[in-house]
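Residue-level listing of the chains:
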Amino acid sequence: RGETSARREAGGAVNLLRSHAGQGRLPDVAAGAGRHAAGFRLLGIAVTCIDLSHDLTRLARARGLATVRGDMRALPFLDASFSAVTCLFSSFGYFEDDAEHQDTLEEIERVLLPGGAALLDLMDRDTVRYKLELQSVDLVDGKLIEVERGLSDGGRRLEKQIRVVRDATQTQAWCETVRLFTGDELQEMTTRARLRPYHERGLPGSPSRATRSSRPWYTMSWFSGPWSNCQC
């Protein structure tokens with residue numbers, strides 16, 4: 001999750017989006033502190049970060065990135081404003097209710113120009129299912145990071161219990177949960193949102209499948225739309 005990997009992944013995203021990414025501003029939805037957005041900026045892309053978190057948007061602004069605080073379920077942009085939209089590092093899947101994920105896709109479709117492209121960076125459900133590391137412990141900047149992982153809701157969600165320990169004292173603990181989508185589920189949801197599935201590749205943009213990419217749990221899915229004027 002470092003800057004080097006983020007720059008590589010941003011380059012892979014631009015390669016997949018081709019000319020779409022260079023036409024005006026590129027909104028990076030759920031951009032967090034702007035790791036990938038900083039990579040886009042290095043490539044000459046006029047990127048705008050959007051995230052719901054006060055803390056993360058402050059960090060993105062501190063990096064000199066154009067930043068808007070907002071909700072991906074109600075994007076603070078006009079209709080047909082962008083030729084491309086990105087949503088990276090499994091940020092699509094945080095909500096408990098699939099209706100909220102559907103709202104997000106429909107908002108992405110709304111702000112896209114006809115024939116534009118949306119790039120989602122998702123966990124590959126089958127790979128997670130068979131290669132999930134149940135426990136891990138890492139030492140980062142003098143802090144012990146303990147993570148326990150498991151599947152819930154019949155394998156539809158990945159749950160992570162995270163504890164950060166410093167000097168044998170627990171300092172932080174929280175749970176992360178992310179929805180894992182099948183290809184058929186994404187097909188149904190994107191069809192309802194008037195987005196046309198284009199292709200799927202492993203990161204950072206090589207033609208390999210997810211199980212062979214440098215981030216083996218993740219795939220990039222590129223959707224173009226809206227259908228009404230889509231150039232195939």
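Residues numbered from 1 in each chain as written. Predicted model: local features only at pLDDT ≥ 70, side-chain atom pairs only at ≥ 80, totals over all residues. Heavy atoms only, no water.

## Section: the overall build of the chain
The line we're drawing: Secondary structure follows DSSP: runs of H or I at least 4 residues long count as helices, runs of E at least 2 residues long count as strands, and numbering of each begins at the N terminus. Per-residue accessibility, obtained with a 1.4 Å probe over protein chains only, is compared with the maximum for each type, and a residue is labelled buried under 20%, exposed over 50%, and partly exposed between these values. Should any heavy atoms of two residues lie within 4.5 Å, those residues are counted as being in contact. Residue burial considers only the protein chains on display, and all accessible areas are found by Shrake-Rupley using a 1.4 Å probe.
From N to C terminus, the chain includes six helices and 11 strands. For the chain, the proportion of its 232 residues judged to be buried stands at 50%. Contacts in the chain between residues at least 24 apart in sequence constitute 60% of all its contacts with a sequence separation of at least 6. Put simply, the chain shows about 11400 Å² of open surface, and 49% of that area lies on carbon and sulfur atoms.

## Section: the confidence of the model for the chain
Worth spelling out the cut-off: Per-residue confidence from the predictor is reported as pLDDT, a score between 0 and 100.
When pLDDT is averaged along the chain, the result is 84, and 84% of the positions lie at 70 or above. Mean pLDDT values for the elements of the chain range from 55 in strand β11 (residues 218-225) up to 97 in helix α3 (residues 54-62). Contacts of residues 203-218 to residues separated by more than four positions or lying in other chains number 52 contacts, the stretch itself having pLDDT below 50. Under a pLDDT of 50 for its full length, residues 226-232 has, in the predicted model, 18 contacts with residues more than four places off or in other chains.

## Considerations on the packing of aromatic side chains
Inclusion rule: The pairing test for Phe, Tyr and Trp rings, Trp by its six-membered ring, is centres within 6.5 Å, and the orientation test on the planes gives stacked under 30 degrees, edge-to-face over 60, and tilted for anything in between. Look at NZ for Lys and CZ for Arg. If either is within 6 Å of the ring centre and within 35 degrees of the ring normal, a charge sits over the ring.
Inspection of every chain in the model, using the stated rule, returns two aromatic pairs. A ring pair is formed by Phe-77 and Phe-82, whose centres lie 5.0 Å apart and whose planes are at 85°; its orientation type is edge-to-face. Comparing Phe-77 with Phe-82 shows no difference in burial state: the two are buried. The aromatic ring of Phe-89 is capped on one face by Arg-35, whose charged end is 5.2 Å from the ring centroid.

## A few points about the pattern of salt bridges
The condition that has to hold: We count a salt bridge whenever a side-chain nitrogen from Lys or Arg sits within 4 Å of a carboxyl oxygen from Asp or Glu.
Scanning the entire structure with this criterion turns up 17 salt bridges. For Arg-163, the salt bridge is made with Glu-146, and the minimal N-O distance between the two is 3.1 Å. Of this pair, Arg-163 sits in strand β8 (residues 157-166) while Glu-146 sits in strand β7 (residues 143-152), and the two are 17 residues apart along the sequence. By relative accessible area, Arg-163 is classed as partly exposed at 24%. On the basis of relative accessible area, Glu-146 is assigned to the partly exposed category, the value being 22%. Here Asp-153 ties to Arg-156 by a salt bridge, and the two come within 3.0 Å at their closest N and O atoms. Overall, the relative accessible area of 28% leaves Arg-156 in the partly exposed class. Through salt bridges with shared partners, a single ionic network connects Asp-98, Arg-125, Asp-153, Arg-156, Arg-179 and Glu-185.

## Topic: unusual backbone geometry
Peptide bonds are mostly trans, and most non-glycine residues show a negative phi. Its identity is not glycine, yet Ala-80 carries a phi of approximately 50°, on the positive side. Relative to the elements of secondary structure, Ala-80 occurs in the loop between β3 (66-69) and β4 (82-87). Classification of Ala-80 by relative accessible area gives partly exposed; the value is 35%. The phi torsion at Phe-89 lies on the positive side, around 60°, for a residue other than glycine. With respect to the helices, strands and loops of the structure, Phe-89 is situated in the loop between β4 and α4 (98-111). Residue Phe-89 is classed as buried on the basis of its relative accessible area of 17%.

## Observations regarding helix α6 (residues 183-192)
Residues spaced three or four apart along an α-helix point in a common direction, a consequence of the helix completing one turn every 3.6 residues. How we decide: To be clear, the arc concerns the directions from the helix axis to the C-beta atoms.
Buried within α6 we find Glu-185, Leu-186, Met-189 and Thr-190. Along α6, the residues classed as buried sweep out an arc of 120° about the axis, all on the same side. Every exposed residue of α6 that faces more than 90 degrees away from the buried side is listed here: Gly-183 and Asp-184. Directly after α6, the chain includes Arg-194, whose backbone phi takes a positive value near 65°.

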